[in-house]
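Examination of the molecular architecture
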Amino acid sequence: MKRRILLVDDDLTVLLTLKAVLEFHGFEVDTASTTFEAFSRLESSTYQMVISDLRMETADAGLKVIVAARRQSYDPATALLTAYPPSGEHWEKEHSDSLLIKPMGTDDLLRQVEALLVRHEDARQARQRIAPAGTHDSTRKAV
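Residues numbered from 1 in each chain as written. Predicted model: local features only at pLDDT ≥ 70, side-chain atom pairs only at ≥ 80, totals over all residues. Heavy atoms only, no water.

A few words now on the overall build of the protein. If you tally the helices and strands in the protein, you get 5 helices and 5 strands. For the protein, the sequential pattern of α-helices and β-strands runs β-α-β-α-β-α-β-α-β-α. When the accessible surface of the protein is split by element, carbon and sulfur atoms take 55% of a total near 7900 Å². (Helix = DSSP H or I, 4+ residues; strand = E, 2+ residues; numbered from the N terminus. Areas by Shrake-Rupley, 256 points an atom, 1.4 Å probe, with all protein chains shown as cover.)

Right under this line is the structure:
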């Protein structure tokens, strides 16, 4: 079973290039070029990971996509993709599991995506072991 990624970016060149790279390496990739399109995809499909550009229609549109992804019951790993990283460390704890800085080489991208998926799954399993049987832990902690 291929791992599914939702890739969100308003730059068509970046979107199609990253999609091709990820698909070549065995991922199934859906794309969205707007926050509205991303919200629709998040509700209609299930993803193991959501990667969103930070700046699209607005300077923080990507954060809105990540927040919406983190609210999904299927609990995807999340990563912000940006050439303009936010200052400080609050982005990680409050918004995203990882920050991917553009430009980035193929090997670095794949290594970071794989590592994030493993860390996220480990954290998800740990939360399940800690949560009492029959309860749902609705809070997510950054990994």
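Our focus in this paragraph is the packing of helix H1 (residues 12-24) against helix H5 (residues 106-130). Their axes nearest at 11 Å, the elements H1 and H5 cross at an angle of 65°. With respect to H5, the axis of H1 lies roughly perpendicular. Crossing geometry of H1 relative to H5 is assigned as right-handed. Along its contact with H1, which presents Leu-18, Val-21 and Leu-22, the element H5 presents Thr-106, Leu-109 and Leu-110. Here the residues of the contact of H1 with H5 are counted per class, giving 5 nonpolar, 1 polar and no charged. (Axes fitted to C-alpha atoms, helices over the stretch in contact; angles between N-to-C directions. Parallel < 35°, antiparallel > 145°, perpendicular 65-115°, else oblique. Left-handed = near helix turned anticlockwise from the far one by under 90°. Contact = heavy atoms within 4.5 Å. Nonpolar A, V, L, I, M, F, W, Y, C, P; charged D, E, K, R; others polar.)

It is worth spelling out unusual backbone geometry at this point. For residues that are not glycine, phi is negative in most cases, and the peptide bond is trans in most cases. The step from Lys-102 to Pro-103 runs through a cis peptide bond, and the omega angle for that step is -10°. You can see Pro-103 is positioned in the loop between strand E5 (98-101) and H5. Despite not being glycine, Asp-75 has its phi angle at roughly 55°, a positive value. Mapped onto the elements, Asp-75 comes out in the loop between helix H3 (61-70) and strand E4 (77-82). Take Asp-75: its relative accessible area is 12%, and that puts it in the buried class. (Buried < 20%, exposed > 50% of the residue type's maximum accessible area, 1.4 Å probe, protein only.)

From the geometry alone we can't say anything about function, so treat these as descriptive.
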